[in-house]
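# Examination of the molecular architecture
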Amino acid sequence: WDWSGRRASPAAMAAAGQQSPQQQQQQQQVPVTLEDAREKGELQRGYYGLLHCVAHQNLAGSLLQASPQALDSLLTALAKGASTHIDPAVRRICVQVFERLLQEWCSSDGSELVPGFKNFAVQQLGGQTLLGLFGSGTAAQGSNGTCPASRQLGPLDARDAATVALLGEVASALKLLQEKCGDAFAVHLCGQVLPESRLPGELQQQLAQHVRDSDAKQLKEFLR
């Protein structure tokens, strides 16, 4: 299953429609029709929308009744959507669900309803989701953002309203992680995430400082 949504994008569906089953097999792809790709893309968006409704209708506790395997699959899908989906609006939905689960399942005193969830959130929401903003870490073509960080938004366009909304949500999520996870998040951010981002050293220092000291609005403006 492609949680990034790339195979359901218009360009990918058009390309798939022009390929023969033999060509798709050579590329290790399951033969699909345009309708298959469209339905899978809509199903994926519907799944994330359902999780968003559950989390924001005070039903997050019901997810704890799921089997460990089902809960693991849910969180994995959420993490992949937040970090890799081609639609920034879908990424934002996934980040919002992550935030609500972090608020309801974890407390600032170190306790958590799901053992290991704080560490998972640090690794994924505070790691892969942030790295997903910068893509490969190379400057985005055509970006005209006013802040140096905006020129590092790999696959995203800093001029797009949906991307701006996503950056605001990620900024809020990073501040929430700082509140809930404290030093564990700071160590992971500075020791692993920022070096892996390939941002210039000065930008790494500025981002770490904003996460630690600035409010969510200031952090969002920096990311833009």
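Residues numbered from 1 in each chain as written. Predicted model: local features only at pLDDT ≥ 70, side-chain atom pairs only at ≥ 80, totals over all residues. Heavy atoms only, no water.

## Remarks on the packing of aromatic side chains
- Under the defined criterion, the tally for this structure stands at five aromatic pairs.
- When the centroid spacing of 5.1 Å and the interplanar angle of 70° are considered together, the rings of Trp105 and Phe117 count as edge-to-face. A residue pair is termed long-range when its members are at least 10 positions apart, and Trp105 in helix H5 (residues 88-105) and Phe117 in helix H6 (residues 117-134) qualify at twelve residues. Each member of the pair, Trp105 as well as Phe117, is classed as buried. (Phe/Tyr/Trp six-rings, centres within 6.5 Å; stacked < 30°, edge-to-face > 60°. Helix = DSSP H or I, 4+ residues; strand = E, 2+ residues; numbered from the N terminus. Buried < 20%, exposed > 50% of the residue type's maximum accessible area, 1.4 Å probe, protein only.)

## Things to note about H6
- For H6, spanning 18 residues, the distance from its first C-alpha to its last is 24 Å, which sits close to the expected 26 Å at 1.5 Å a residue.
- Judged by how many residues are buried, H6 sits mostly within the fold: 13 of 18 residues are covered.
- Residue Gly135 follows H6 closely and has a positive phi angle near 60°. (Expected span 1.5 Å × (residues − 1).)

## Thoughts on helix H9 (residues 201-213)
- With 13 residues, H9 ought to run about 18 Å at 1.5 Å a step, and its terminal C-alpha atoms sit 18 Å apart, in line with that.
- Looking at H9, one finds that the buried residues are Leu203, Gln204, Leu207, Ala208 and Val211. The buried side chains of H9 occupy one side of the element, clustering within an arc of 135° when seen end-on. Opposite the buried face of H9, by more than 90 degrees, sit the exposed residues Glu202, Gln205 and Asp213.
- Buried residues along H9 sit in contact with H6, helix H7 (161-181), helix H8 (183-197) and helix H10 (216-223). (Arc of directions from axis to C-beta. Contact = heavy atoms within 4.5 Å.)

## Overview of the packing of H7 against H10
- Contact geometry of H7 with H10 gives a least axis separation of 8 Å together with a crossing angle of 130°. Comparing their axes, H10 and H7 come out oblique. In this structure, the crossing between H7 and H10 has a hand that is right-handed. Between H7 and H10, the contacting residues are Val164, Leu167, Gly168, Ala171, Ser172, Leu174 and Lys175 on the first element and Ala216, Leu219, Lys220 and Leu223 on the second.
- Looking at the contact of H7 with H10 residue by residue, the classes come out as seven nonpolar, two polar and two charged. (Axes fitted to C-alpha atoms, helices over the stretch in contact; angles between N-to-C directions. Parallel < 35°, antiparallel > 145°, perpendicular 65-115°, else oblique. Left-handed = near helix turned anticlockwise from the far one by under 90°. Nonpolar A, V, L, I, M, F, W, Y, C, P; charged D, E, K, R; others polar.)

## A word on the nonpolar core
- The biggest cluster of nonpolar side chains holds 53 residues, and the ones touching the most others in it are Leu101, Trp105, Phe117, Leu177 and Leu207.
- If you list the elements that add at least two residues to this core, you get helix H3 (34-56), helix H4 (68-84), H5, H6, H7, H8, H9 and H10.
- When residues in this core are grouped by element, the largest group, nine residues, is from H7.
- The contact partners of Leu177, leaving out residues within four places of it in the chain, are Leu102, Ala121, Val122, Leu125, Gly126, Gly182 and Phe185. (Core = buried A, V, L, I, M, F, W, Y, C linked by side-chain atoms within 4.5 Å.)

## Quick word on the pattern of salt bridges
- Enumeration over the complete set of coordinates arrives at five salt bridges.
- A salt bridge links Glu221 to Arg224; the nearest nitrogen and oxygen atoms lie 3.7 Å apart. (Salt bridge = Lys/Arg side-chain N within 4 Å of Asp/Glu carboxyl O.)

## Overview of the confidence of the model for the protein
- Confidence along the protein averages 82 in pLDDT terms, with 79% of residues attaining 70 or more.
- The spread of mean pLDDT over the elements of the protein runs between helix H1 (residues 10-18), the lowest at 54, and H5, the highest at 95.
- Considering only residues more than four positions removed or in separate chains, one finds that residues 136-148, a stretch of pLDDT under 50, has 26 contacts. (pLDDT = per-residue confidence, 0-100.)

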